[in-house]
Amino acid sequence: MASYLTTIKKSVMGNKRVHFGTMTLVNATTSGTVETALRSVECFLAGGEITAYTVSAGVVTITNPDPGASAGVVGWMAIGY
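K.L.:
Looking at this structure, I do not really get the pattern of salt bridges. What am I missing?
P.N.:
In the structure shown here, the tally under the stated rule is one salt bridge. Between Lys16 and Glu42 there is a salt bridge, with the nearest N and O atoms lying 2.8 Å from each other. Here Glu42 lies in strand E4 (residues 41-46) and Lys16 lies in strand E2 (residues 16-25), a separation of 26 residues in the sequence. Classification of Lys16 by relative accessible area gives partly exposed; the value is 23%.

And the structure:
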């Protein structure tokens, strides 16, 4: 589960906090975690080959069953509080 996470921007939309960032997945990675710095994630969006995700408080665990397709930079956005 090797990945490198960068939070690019934090903002507010209505009464929700919105955090944006990128995550660089290395070859043969099938999962990784995004620590959003939110207390609770209500919506999570990610680009790339992400096929599934689970949320536990402010941490999102992403899954990609194809390790060959997972290499590269994935943009993400988390909405919550």
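K.L.:
Sorry, what's going on with the pairing of strand E3 (residues 31-35) here?
P.N.:
Looking down a regular strand, the side chains alternate between one sheet face and the other. Side-chain alternation along E3 places Gly32 and Val34 on a buried face and Ser31, Thr33 and Glu35 on a face that remains uncovered. Bridge analysis of E3 against strand E6 (residues 59-63) gives five bridges, and the strand direction is antiparallel. Bridged to Val34 within E6 is Val60.

K.L.:
For this particular structure, what's the right way to read the packing of aromatic side chains?
P.N.:
Counted by the stated rule, this structure contains two aromatic pairs. On the numbers, 6.3 Å between centres and 20° between planes, the contact of Phe44 with Trp76 is stacked. Pair noted here: Phe44 is in strand E4 and Trp76 is in strand E7 (residues 72-80), with a separation of 32 residues, a long-range link.

K.L.:
Please explain the nonpolar core as it appears in this structure.
P.N.:
The nonpolar side chains of soluble globular proteins are, as a tendency, buried together. One finds Met23, Leu25, Val34, Leu38, Val41, Phe44, Ile50, Val60, Ile62, Val74, Trp76 and Ala78 forming the largest nonpolar core, which totals twelve residues. Elements with a contribution of two residues or more to this core: E2, E4, E6 and E7. Once residues within four sequence positions are removed from consideration, Val41 is found in contact with Thr36, Val55, Ala57, Gly58, Val60, Ala78, Ile79 and Gly80.

About the criteria used
Residues numbered from 1 in each chain as written. Predicted model: local features only at pLDDT ≥ 70, side-chain atom pairs only at ≥ 80, totals over all residues. Heavy atoms only, no water. Salt bridge = Lys/Arg side-chain N within 4 Å of Asp/Glu carboxyl O. Helix = DSSP H or I, 4+ residues; strand = E, 2+ residues; numbered from the N terminus. Buried < 20%, exposed > 50% of the residue type's maximum accessible area, 1.4 Å probe, protein only. Pairing = 2+ DSSP bridges. Phe/Tyr/Trp six-rings, centres within 6.5 Å; stacked < 30°, edge-to-face > 60°. Core = buried A, V, L, I, M, F, W, Y, C linked by side-chain atoms within 4.5 Å. Contact = heavy atoms within 4.5 Å.

Structural measurements only, silent on function.
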